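This is what each chain is made of:
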Amino acid sequence: MLKKALYRKIGAFFIVCYIPWGITDNCGLVGRAERVKWDYIVDGDTVWLKDGRKVRFAGINTPEVAHETRPAEIMGERALETLRQLLSSSAELQLQITEPAYDHHGRLLAYPFLIDGTSINGELIKRGLAFQLFTEIKNPYQFCLSQFEQRARKNKLGIWKQWPILDVRADKLKSGFQIVRGYISGIRGKKSGDHIWIEFDGPLVIRMDRDRVSNNWLNSLKARRVEVRGWLVDRRNKEIQNKYHKRWLLNVYNSEAVRLL
């Protein structure tokens, strides 16, 4: 009996103390990172390093700042200023580089941290100044960042108070990063081809790689109202546009980007 009681206590101790690898309460750095010197802040999620590399923060997207003829997006300037404040105490930061290491624009992809290990992504998301991204790249901080975003959204902080969430039928869609809601009207490509096409009851279709989704997940979407996030592409002036194609396309690389409502 004494042995059984002792085992129970030991087992309880390990259950309480065990934390899955890569999941922390503050999204702090787990594992190794490269210590680098930053040179110039482009916007809330992009910096230039002293060594000439341009870094795009993996796992988040902040609203755009003003570019030439394009005005700043909601909270874009505040996200930039907040990143500037976070980095003001040190000329260095830490980067945990993803695999693959570069995006199609040639930018280095990495999870950024302050010298003390504080997650820069986490700080931006918890203040309502960044959206979480769900990509094909494995993100050890995904769960933690999701918790931060849920809290910021619940409390209507920053972007969650002002950023418009579009209805696929009622609102005018526009290019760029958007959050869109609507009903799923059909799913194509389940038996052939490299892609799955998830159609909305409106001018939008989602494209996903077949090997990233399960039939069970696809079946759960049928006739359901969902919310999806990502970059909308206007196909009206593309050569692939024809009468059978919906005007708007959104590429999704991770099923977590699609949320059942």
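This text gives an overview of the structure that appears in the document. Because the structure is predicted, anything quoted here is derived from the model rather than measured.

1. Let's talk about the overall build of the protein chain
- The number of helices and strands found in the protein chain is six helices and 14 strands.
- For the protein chain, with 261 residues in total, the buried portion stands at 43%.
- Partitioning the intrachain contacts of the protein chain with sequence separation of at least 6 by distance along the chain shows that 58% fall at a separation of at least 24.
- By element, 51% of the accessible surface of the protein chain is carried by carbon and sulfur atoms, the whole surface being about 15200 Å².

2. A few points about helix α4 (residues 142-154)
- Between the first and last C-alpha of α4 there are 18 Å, a value that for 13 residues agrees with the 18 Å anticipated at 1.5 Å per step.
- All of the buried residues in α4 are Cys 144, Leu 145, Ser 146, Phe 148, Glu 149 and Ala 152.
- Packed against the buried residues of α4 are α3 (120-126), β7 (131-132), α5 (159-162) and β12 (225-234).
- With its phi angle positive at about 55°, Lys 156 sits one or two positions after the end of α4.

3. Quick word on the pairing of strand β3 (residues 54-57)
- As paired elements, strand β2 (residues 46-49) and β3 share three bridges and run antiparallel to each other. Residue pairing across strands places Val 47 opposite Val 55, the latter belonging to β3.
- Where β2 hands over to β3, the hairpin turn is made up of four residues, of which Gly 52 adopts a positive phi near 95°.
- Bridge count for β3 against strand β6 (residues 108-113) is three bridges, and the pairing is parallel. Pairing of Phe 57 across the sheet is with Ala 110, part of β6.

4. A word on the side chain of Ser 146
- Tracing the chain through its elements places Ser 146 in helix α4.
- For Ser 146, a relative accessible area of 16% gives the class buried.
- If we ignore the near neighbours within four places in the chain, the residues touching Ser 146 are Gln 132 and Phe 134.

5. Side note on the side chain of Gln 96
- Looking at the element boundaries, Gln 96 is found in strand β5 (residues 92-102).
- Looking at Gln 96, its side chain comes within polar contact range of the main-chain oxygen of Arg 32, at 3.0 Å.
- Separated by 2.6 Å, the side chains of Gln 96 and Tyr 141 make a polar contact.
- The contact partners of Gln 96, leaving out residues within four places of it in the chain, are Leu 29, Val 30, Gly 31, Arg 32, Ala 33, Ala 110, Tyr 111, Phe 113 and Tyr 141.

6. Overview of the nonpolar core
- Within the largest apolar cluster, 44 residues are counted, with the highest numbers of intra-cluster contacts made by Val 47, Leu 49, Val 55, Leu 87, Leu 93, Leu 95 and Ile 120.
- Excluding its chain neighbours within four sequence positions, the residues that come into contact with Leu 87 are Trp 38, Ile 41, Val 47, Leu 93, Leu 114 and Ile 120.
- In terms of nonpolar packing, the next biggest core, distinct from the first, is built from 25 residues, Val 168, Val 180, Met 208 and Val 213 among them.

7. Some thoughts on the sheet that holds β6
- Pairing is mixed in the closed barrel, where five strands are placed in the order β1-β2-β3-β6-β5. Shown here is a sheet whose adjacent strand axes are inclined to one another by a mean of 55°, direction ignored.
- By the bridge criterion, four bridges tie strand β1 (residues 34-43) to β2 in an arrangement that is antiparallel. Residue pairing for β2: Trp 38 is matched across the bridge by Leu 49.

8. Overview of the state of the cysteines
- Taken as a whole and judged by the stated rule, the model has one disulfide.
- The disulfide partner of Cys 27 is Cys 144, and the S-S distance across this bridge is 2.0 Å. Its S-S torsion of about -120° marks the bond between Cys 27 and Cys 144 as left-handed, since a negative value means left-handed. Of this pair, Cys 27 sits in the loop between α1 (2-17) and β1 while Cys 144 sits in helix α4, and the two are 117 residues apart along the sequence.
- In this structure Cys 144 comes out as buried when scored by relative accessible area, which is 3%.

What counts and how
Residues numbered from 1 in each chain as written. Predicted model: local features only at pLDDT ≥ 70, side-chain atom pairs only at ≥ 80, totals over all residues. Heavy atoms only, no water. Helix = DSSP H or I, 4+ residues; strand = E, 2+ residues; numbered from the N terminus. Buried < 20%, exposed > 50% of the residue type's maximum accessible area, 1.4 Å probe, protein only. Contact = heavy atoms within 4.5 Å. Areas by Shrake-Rupley, 256 points an atom, 1.4 Å probe, with all protein chains shown as cover. Expected span 1.5 Å × (residues − 1). Pairing = 2+ DSSP bridges. Polar contact = N/O pair within 3.5 Å; in protein donor to acceptor, adjacent residues only side chain to side chain. Core = buried A, V, L, I, M, F, W, Y, C linked by side-chain atoms within 4.5 Å. Axes fitted to C-alpha atoms, helices over the stretch in contact; angles between N-to-C directions. Disulfide = S-S within 2.5 Å.

Purely geometric numbers; function is a separate question.
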